[in-house]
Amino acid sequence: MERYDLRTEPSGRKRLAVPYRGARLLRHPMYTKGTAFTQEERISLGLEGLLPHSVTTMDQQSRRVYASIQRKTDPLEKYIGLAALQDRNEYLFYRVLLDHIQEFLPIVYTPTVGRACQDFSHIFRRARGLWITPEHRGQIADVLKNAPFEDIRLIVVTDNERILGLGDQGAGGMGIPIGKLALYTAAAGIPPWQTLPISLDVGTDNLDLLDDEYYLGWRAPRLRGPEYDSLVEEFVQAVKRCFPGALLQWEDFKKLNAFRLLDRYRKTLTSFNDDIQGTAAVGVAALLAGSRATGIPLRQQRILFFGAGAAGIGIGRLVRETLREEGLDGEALTAATAHLDLQGLLMEDDPGLDPVQRAFAWPPELADRMGLGTERRGDLTAVIRAFQPTMLLGVSATPGAFTEAAIREMARHTVRPLILALSNPTSKAEARPGDLIAWTEGRALVATGSPSDAVTYEGREHRIGQGNNVFIFPGVGLGALVSEAREVTDGMFAAAARQLAREVLDEDLAAGSLFPSTARIREVTAHVAEAVVREARESGVANRRLEDGLIPGILAEAMWNPAYLPADPAAAATAGADRPMPIFV
Ligand code: NAD
């Protein structure tokens, strides 16, 4: 592991001490500037003759790369082009990504990243991140020490079992931690040399992958039970030892492991699960913004969840907490939300419920009182007719589940139905926004999990907001790091959700969108992080307690910007005049 040596001159100007020279330097993605090295740098760093003569600006490079990516028509080819740029020159990759954030978010993350995961072993060019397999048992700490840089602050780890709504993708799931970390850097300015994507490659039960001659992962059925748990335990202990200042994000684990690991480790390792907690905050933000748009407080809404998996339960928990804060309790709280999964409405007398679903089960008397006999509890339209939801959330990864009959039924009872079809990628969404708008005669407020084009209905344009977790996790991560939080609490996610709801402008709501534009992602992230830092301080988990007035400046200083720095040969960096630049302390 090497140190990434940014220095600040007494004047405040930053410089980079470069430990490589010549051709090796040009090939290093964290140090190279390509044709932007100045003539002086070319001399001092042994680059003379290795580059064409002209010196270009970063802006020129960004425009040139953008033009070449635009020439590709297939989104997967764009993904491959951007990944190749990231492997070649990370500063430039982030410059291009930030310059075109709305256009490239759907490439770097959902939906295109889903295809990249599915095709991973076929489009593989160059490894990124760390791979841990059961064969590393007993030596996981040594593997972690092979990370390229030493000061790792942010880890995203997956065991690949529930990649987006695409299920078990084996080693291909690595596209997700890589993509998520790219979003952390783009949105929150977490320096890329402080991030580390990790795949816990414990095998796969995806037979197509096991049969594929190109499959690059550990070719075995999934490790499960005590052997799986002990491998994760060794991994967690190794992370704490090797990277004691790091925040870890559990990503795309299947539901029961997701809840188990989060509950087991959240107090002992600074960590959170974005699929559960980040999604919860995004969902609650949409409901709060929707309440504002409809003028009906959340406590008077009736909220129907379709899908009681990691996302559905995660949102359900935070919604319940928010309703409790708004004064609901007892049966009113139970009856404010209804939850459907494969077996239909979650009911207390169902022995098949898993432990995390049980908290949302209805007593049979409640369903009976609504006229929902056993035979009708599995029928979405019947449940909608009886429960009369004002808000409907789809997190089932079941395309087409929101049928015309069901949505028309909802629209009969509700002036402005709020409908979130959050399943990803687009092919898994419960309904198409155009249909939802048409079936509700243009009255619905709609959001989707992946980006959607605006819909025109009877001459009026409806913007479709994207319930993208990118509005939450970068701000939570940045806030947790800056406040040196020992734990990431649910209160920090609740604070993030309330802040995100405030970021939805009246003009967003007027245009039909329940979310801000992703073009404002850095600004929104800074505000979310500010709310998280305050909440970490108030709830007593912050090792670094910052006064309100200081927070914006400290966050702005912590957010890395992809702009090239003057580069010096490492040996010549003057130890006395410069000081190493701390990022988070
Ligand atoms: P999950 O597998 O844990 O949960 C899906 C649940 O839906 C399961 O409990 C399953 O039994 C249930 N289900 C499947 N078919 C159903 C049907 N016909 N009727 C009722 N229930 C049904 O997955 P998850 O982590 O909860 O994610 C679900 C979906 O939400 C995925 O597509 C994911 O990409 C998406 N998601 C979106 C966002 C976002 O937009 N911000 C965030 C997280 C997850």
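In what follows, the structure referred to is the one given above.
Residues numbered from 1 in each chain as written. Predicted model: local features only at pLDDT ≥ 70, side-chain atom pairs only at ≥ 80, totals over all residues. Heavy atoms only, no water.

Colleague: Before we go on, may I ask you to explain the pairing of strand S12 (residues 418-421) in this structure?
Modeller: Every regular strand shows the same layout, with side chains that alternate between the two sheet faces. Burial of S12 is two-sided: the residues Leu418 and Leu420 facing one way and the residues Ile419 and Ala421 facing the other way are all buried. Note that strand S11 (residues 391-394) and S12 share four bridges and pair parallel. Looking at the pairing, Leu392 lines up with Ile419 of S12. The handedness of the S11 to S12 crossover, carried by helix H20 (residues 404-413), is right-handed. By the bridge criterion, four bridges tie S12 to strand S13 (residues 445-448) in an arrangement that is parallel. Each bridged residue has a counterpart across the sheet, and for Ile419 the counterpart in S13 is Val446. Between the parallel pair S12 and S13, the chain is carried across by helix H21 (residues 433-439), and the sense of this crossover is right-handed. (Buried < 20%, exposed > 50% of the residue type's maximum accessible area, 1.4 Å probe, protein only. Helix = DSSP H or I, 4+ residues; strand = E, 2+ residues; numbered from the N terminus. Pairing = 2+ DSSP bridges. Right-handed = clockwise from strand over helix to strand, strands pointing away.)

Colleague: Explain the sheet that holds strand S3 (residues 130-132) here, please?
Modeller: The strands making up a sheet are joined through hydrogen bonds of the backbone, oriented either antiparallel or parallel. The parallel open sheet is built from five strands, whose spatial order is S3-S5-S4-S6-S7. Because the sheet does not close on itself, it has two edges, and the strands there are S3 and strand S7 (271-273). Averaged over all pairs of adjacent strands, the angle between their axes in this sheet comes to 20 degrees, without regard to strand direction. Bridge analysis of strand S4 (residues 154-158) against strand S5 (residues 195-200) gives five bridges, and the strand direction is parallel. By the bridge assignment, Val157 is partnered in S5 with Ile198. Of the strands in this sheet, S3, S4, S5 and strand S6 (247-250) are in contact with helix H12 (residues 225-242), which crosses S6 at around 155 degrees. (Axes fitted to C-alpha atoms, helices over the stretch in contact; angles between N-to-C directions. Contact = heavy atoms within 4.5 Å.)

Colleague: Hey, could you run me through the pattern of salt bridges in this one?
Modeller: Any two side chains of opposite charge can pair, given that their charged atoms come close. Within this structure, the stated rule accounts for 42 salt bridges. The shortest N-O distance in the salt bridge between Asp5 and Arg7 comes to 3.2 Å. Judged by relative accessible area, which is 11%, Arg7 ranks as buried. One salt bridge connects Arg432 with Asp435, and the closest N-O pair in it is separated by 3.3 Å. Residue Asp435 is classed as partly exposed on the basis of its relative accessible area, which comes to 22%. The network of salt bridges with shared partners includes Glu9, Arg13, Arg15 and Asp568. (Salt bridge = Lys/Arg side-chain N within 4 Å of Asp/Glu carboxyl O.)

Colleague: Even after reading the chapter, I still don't get the site of the ligand, so can you show me in this structure?
Modeller: The ligand sits among 23 residues. The nearest are Arg162, Ala311, Asp341, Gly467 and Asn469. Between an oxygen atom of the ligand and a main-chain N or O atom of Ala311, the distance comes to 2.8 Å. Within the backbone of Leu342, one N or O atom sits 3.4 Å away from a nitrogen atom of the ligand. Its atoms largely coinciding with the cavity grid, the ligand occupies the largest pocket. Tallied by class, the residues present in the shell around the ligand amount to nine nonpolar, eleven polar and three charged. (Near = heavy atom within 4 Å. Polar contact = N/O pair within 3.5 Å; in protein donor to acceptor, adjacent residues only side chain to side chain. 1 Å grid on protein atoms, 1.4 Å probe; cavity = no way out; pocket = protein on both sides within 12 Å on 5 of 7 lines; lining within 4 Å. Sits in = over half its atoms within 2 Å of the grid points. Nonpolar A, V, L, I, M, F, W, Y, C, P; charged D, E, K, R; others polar.)

Colleague: Which parts of the structure should I look at to understand empty space enclosed by the protein?
Modeller: Space left empty within the atom packing is revealed by a probe, the size of a water molecule, rolled over the atoms. Summed over the entire model, instances satisfying the criterion amount to one cavity of 30 Å³ or more. Roughly 60 Å³ of volume is contained in the largest cavity. Here the lining of the largest cavity is composed, by residue class, of seven nonpolar, one polar and one charged. (Points joined across faces, edges and corners; volume = space filled by probe spheres on them.)

Colleague: Would you explain the packing of helix H3 (residues 58-70) against helix H5 (residues 90-99) in this entry?
Modeller: Helix-helix packing is characterised by the crossing angle of the two axes and by the distance between the axes. Where H3 contacts H5, the axes come no closer than 9 Å and their chain directions differ by 70 degrees. The angle between the axes of H3 and H5 places the two elements in the roughly perpendicular class. The chirality of how H3 crosses H5 is right-handed. In this structure, H3 uses Met58, Gln61, Ser62 and Val65 to contact H5, whose residues at the interface are Tyr91, Leu92, Arg95, Val96 and Asp99. Class assignment of the residues belonging to the contact of H3 with H5 gives a composition of five nonpolar, two polar and two charged. (Parallel < 35°, antiparallel > 145°, perpendicular 65-115°, else oblique. Left-handed = near helix turned anticlockwise from the far one by under 90°.)

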